[in-house]
Amino acid sequence: PLSHEELFRRINALKKEMNALILAHYYTLPEIQQVADIVGDSLALARAAEKNNADVIVFAGVYFMAETAKILNPGKTVLMPDAHAGCPLADSCPEEAFRRFKAGYPGAIVITYINSTAEIKALSDITCTSSNAEQIIRQIPATQQIIFGPDKNLGGYIAKKLNREMILWPGCCYVHDAFSEAVILKACQEQPDAELIAHPECREEVLRHAAFIGSTKALLEYTVSSAANTFIVATEPGILYEMQQQSPQKTFIPAPKDSKNPRSLCTQMKQNSLEKLYQCMLDRKPEIIIDETLRLASLGSIRRMLDMSP
Ligand code: 13P
Ligand code: SF4
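Residues numbered from 1 in each chain as written. Chains lettered and ligands numbered in written order. Predicted model: local features only at pLDDT ≥ 70, side-chain atom pairs only at ≥ 80, totals over all residues.

As annotated in an unreviewed UniProt entry, the protein carries the name Quinolinate synthase and comes from Pelodictyon phaeoclathratiforme.

Bringing the site of ligand 2 into the picture now. Around ligand 2 lies a shell formed by Tyr27, Val62, Cys87, Pro88, Leu89, Asn115, Cys173, Val175, Glu236, Cys266, Gln268 and Met269. Listed by contribution, the elements that provide at least two residues to the shell around ligand 2 are helix H5 (88-91) and helix H14 (267-270). Among the domains, domain 1 (4-86 + 269-289) and domain 2 (89-173 + 298-308) are the pair contributing at least three residues each to the shell around ligand 2. (Near = placed C-beta within 6 Å. Helix = DSSP H or I, 4+ residues; strand = E, 2+ residues; numbered from the N terminus. Domains from an automatic or database assignment.)

Okay, the UniProt feature "binding site: [4Fe-4S] cluster" (unreviewed entry) in the protein next. Under the present numbering, the feature "binding site: [4Fe-4S] cluster" (unreviewed entry) in UniProt falls on Cys87, Cys173 and Cys266. On the basis of their most widely separated C-alpha atoms, the annotated residues across 180 residues gather in one place, lying no more than 9.3 Å apart. The residue Cys87 is located in the loop between strand S4 (77-79) and H5 in this model. When the 22 C-beta atoms within 10 Å are taken as the criterion, Cys87 is described as buried. Every residue in contact with Cys87, bar those within four places of it in the chain, is listed here: Val62, Tyr63, Phe64, Asn115 and Gln268. Within the secondary structure layout, Cys266 lies in the loop between strand S12 (251-254) and H14. With 23 C-beta atoms counted inside 10 Å, the residue Cys266 sits in the buried group. With residues near it in sequence (within four places) discarded, Cys266 still touches Tyr27, Val175 and Glu236. (UniProt positions renumbered as here; feature names shortened; annotations may be inferred. Buried ≥ 20, exposed ≤ 12 C-beta atoms within 10 Å, placed from the backbone. Contact = placed C-beta atoms within 7 Å.)

So, on to the UniProt feature "binding site: iminosuccinate" (unreviewed entry) in the protein. Within this structure's numbering, the places UniProt gives as "binding site: iminosuccinate" (unreviewed entry) are His25, Ser42, Tyr113, Ile114, Asn115, Ser130, His199, Pro200, Glu201 and Thr216. Relative to the elements of secondary structure, Asn115 occurs in the loop between strand S5 (109-113) and helix H7 (118-122). Residues in contact with Asn115, not counting those within four places in the same chain, are Phe64, Cys87, Leu89, Ala90 and Asp151. Mapping Pro200 onto the fold places it in the loop between strand S9 (195-198) and helix H11 (204-207). The exposure class of Pro200 is buried, given the 25 C-beta atoms found within 10 Å. Those residues in contact with Pro200 that lie beyond four places of it in its chain are Ser130, Asn153, Leu154, Tyr157, Leu207 and Ile213.

Glancing now at the sheet that holds S5. As summarised here, the arrangement of the 4 strands in space is S6-S5-S7-S8, forming an open sheet in which the pairing is parallel. In this open sheet, the two edge strands, each paired with only one partner strand, are strand S6 (126-128) and strand S8 (167-168). Of the strand pairs in this sheet, strand S7 (residues 146-149) and S8 are connected by 2 bridges, and their pairing is parallel. What sits directly across from Phe148, in S8, is Leu168. (Pairing = 2+ DSSP bridges.)

Glancing now at the pairing of S12. Note that strand S11 (residues 230-234) and S12 share 4 bridges and pair parallel. What sits directly across from Ile232, in S12, is Ile253. The parallel pair S11 and S12, bridged by helix H13 (residues 240-246), forms a crossover whose chirality is right-handed. (Right-handed = clockwise from strand over helix to strand, strands pointing away.)

Structure, rendered in structure tokens:
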């Protein structure tokens, strides 16, 4: 097998040759984050995918992220190191079941988390991410009924924060839903000086103890600005790489999943290996292909999100 250094060299050479832009999510492996041009949360990556001069976008993340990049850029080639890297949360909301769910609330506006398929986005009025969900929902008149899916933890968190009832699709992310109050409180007791920070995909029983709640990017920025020196991080531990890079003197502890598992990993994000990244550039596949009718149907809800959170 080729060394990381050799793969970095080849990937960088291909990047120039192809005029490619490599985007990576914070949950990917450290070596993927190192070789990426931009590492970000879902919103930052969607924005980066929208505005760039590249001919090819290489997306090291999960399927819905690369699909969103393609929906925004039909003229560009969008590649993924592993097209089987899906998001189980997105897959927990099938089109037909969601269509029936929606039909139960005629008149409701549909706001969906970007962690959803293009088919679900096509059934939605507005897409959102964890960093702009609150900002978007605040713009909806109080009398307007809202359906929110597919993450019930994020939806429940915003509903509680804004004191606004929403109809929630009962999905969740297995990585974040794995954290429980008892195990998190034990970790906090063991590290009395640490600050608990959490992603809003965590359960309410965890969020209620957090000093700060936000998207991956917001959590990262918080660890830089906070006076605390130690953090218990209740999200996928891939983000710890960049947290440590930006604050080398601080200590980051991944929130334990249960008494036996010190971390809760997103297997799908970790499917993006450096070898597969290099191979996908070399082969120019797997490539994201989306039917034009579906693309146009899902584009409206993504555009509305970008317009509502400038
Ligand atoms: P953000 O990076 O937007 O916070 O999303 C987290 C996540 O679970 C992505 O799949
Ligand atoms: Fe999906 Fe959760 Fe993995 Fe994010 S961390 S990609 S929401 S399964």
